[in-house]
Amino acid sequence: MDEIMVLAEHRGGELRDITFEMLTMANRLGKENDIAVTALFLGHEAFDLSERLKGACDTILLMEDPELANYNADQYLMAMETVIKSRNPTLTLIGHTAMGMDLAPSMAARLSLPLATDCVEVNLAERRLDVLRQIYGGKINARLTMKPSDQYLITVRTGSFDAEMEQGKSADAQTIPAPSWADLRGRQFLGYLEAELEDVDIAAADILVSIGRGIGKPENIPLVQEFADSIGATLSCSRPVADEEWLPKSRQVGTSGKTVRPKIYIAFGISGAYQHQAGMKNADTIIAVNTDPRAPIFNIARYGIVEDMLKVLPLLTEKFAKK
Ligand SMILES: Cc1cc2nc3c(=O)[nH]c(=O)nc-3n(C[C@H](O)[C@H](O)[C@H](O)COP(=O)(O)OP(=O)(O)OC[C@H]3O[C@@H](n4cnc5c(N)ncnc54)[C@H](O)[C@@H]3O)c2cc1C
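What to know about the environment of Leu124
Part 1: Following the sequence through the fold, Leu124 ends up in strand β7 (residues 115-125).
Part 2: Between the C-alpha atom of Leu124 and that of Leu29, which follows or precedes it by 95 residues, the distance is 6.4 Å.

Below you can see the structure in the form of structure tokens.
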């Protein structure tokens, strides 16, 4: 069937942003190729939650069963196998999350589907799929054209597309039966271990003021914090700042930190190494302050100031604090 299928990801009664990010991309591909977009929701007592997908796809397939209350690769594999074998979607999308990294490879092996993982860009034309992936820790963008196939499976990097809940759709909801669990291998869901509560989620911020090694010493951080407060921004950083423990690791942007897509990203004293850029280059507007006019951050910044950040910061704070 000509269908793009997105596996909805949810946890603790909440849909994860990656679900809507994949649906944004799927709808673009669907429009370009005249293919309908389906969200597959595996869960238990989850009708209300699945309904939240209504504005973002053409069909919601809801499979409900107590065994699907929490993610478990055994059950998900069987459920996905049933659905994919009966519907033959052209393309199946799964988030490149802890869940997707666990599920997608075994699914590809079991169903003999071609798989590309951690994709940041996806194009489909005349049933040929090409994707962009970052390799060597984000140093190289690799464009892969996949061998022609009737079906493809990919995992999508979080934060690579906008998460739009309303995409001008009004989906049909269909309930589908769960398979028999007789052949389960016996992996059991015991519970979630929540990561230590982070102070803030930088991925959710609209404005990020980000600091790099150019800050010089932790005693200068209040200067940046004051400016961030004056414009309602959240503080983030490059890796050296987190490594030095001047800010918590949860504030680090980049390949070994978080991928962010704020409306405004202001980089102070950050050179713009590719590992950093990989985590923030999709921000709507990038502003950089750096003493070195040749710093790579200026290649992707819309506005730049070549100056000592310690001189610029008080001036900016004064300007914005007055408003
Ligand atoms: C596997 C791997 C993963 C990595 N993951 C990440 C990651 O997730 N995130 C990340 O950020 N990095 C990551 N890195 C590190 C990355 O390669 C860079 O080393 C790092 O991003 C540099 O941080 P920086 O720009 O703060 O420091 P630097 O590169 O040292 O740049 C400091 C900048 O500040 C400027 N400056 C100095 N003083 C001032 C001043 N007073 N005013 C204004 N500007 C000033 C300088 O001109 C310079 O451009 C990773 C590296 C590896 C190998």
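Quick look at the packing of helix α3 (residues 73-87) against helix α4 (residues 98-111)
Part 1: Running from N to C, α3 and α4 point in directions that differ by 50°, and their axes come no closer than 10 Å. Relative to α4, the element α3 is oriented oblique. The interaxial crossing formed by α3 with α4 has right-handed handedness. Across the interface between the two elements, Ala73, Tyr76, Leu77, Met78, Met80, Glu81, Ile84 and Lys85 of α3 pack against Met99, Asp102, Leu103, Ser106, Met107, Arg110 and Leu111 of α4.
Part 2: Taken together, the residues of the contact of α3 with α4 sort by class into ten nonpolar, one polar and four charged.

A closer look at the packing of aromatic side chains
One pair of aromatic rings is described through two measures. These are the centre distance and the angle between the planes.
Part 1: All chains considered together, the criterion is met by four aromatic pairs.
Part 2: Measuring from centroid to centroid gives 5.0 Å for Phe189 and Tyr192, while their planes differ by 70°, and the two rings are edge-to-face.
Part 3: Overall, the relative accessible area of 33% leaves Phe189 in the partly exposed class.
Part 4: By way of ring pairs, the aromatic residues Phe227, Phe268 and Phe320 are connected into one cluster.
Part 5: The ring of Tyr192 carries the charged tip of Arg11 above its face, separated from the ring centre by 5.1 Å.

Conventions we followed
- Residues numbered from 1 in each chain as written.
- Predicted model: local features only at pLDDT ≥ 70, side-chain atom pairs only at ≥ 80, totals over all residues.
- Heavy atoms only, no water.
- Helix = DSSP H or I, 4+ residues; strand = E, 2+ residues; numbered from the N terminus.
- Axes fitted to C-alpha atoms, helices over the stretch in contact; angles between N-to-C directions.
- Parallel < 35°, antiparallel > 145°, perpendicular 65-115°, else oblique.
- Left-handed = near helix turned anticlockwise from the far one by under 90°.
- Contact = heavy atoms within 4.5 Å.
- Nonpolar A, V, L, I, M, F, W, Y, C, P; charged D, E, K, R; others polar.
- Phe/Tyr/Trp six-rings, centres within 6.5 Å; stacked < 30°, edge-to-face > 60°.
- Buried < 20%, exposed > 50% of the residue type's maximum accessible area, 1.4 Å probe, protein only.
- Lys NZ or Arg CZ within 6 Å of the ring centre and 35° of its normal.

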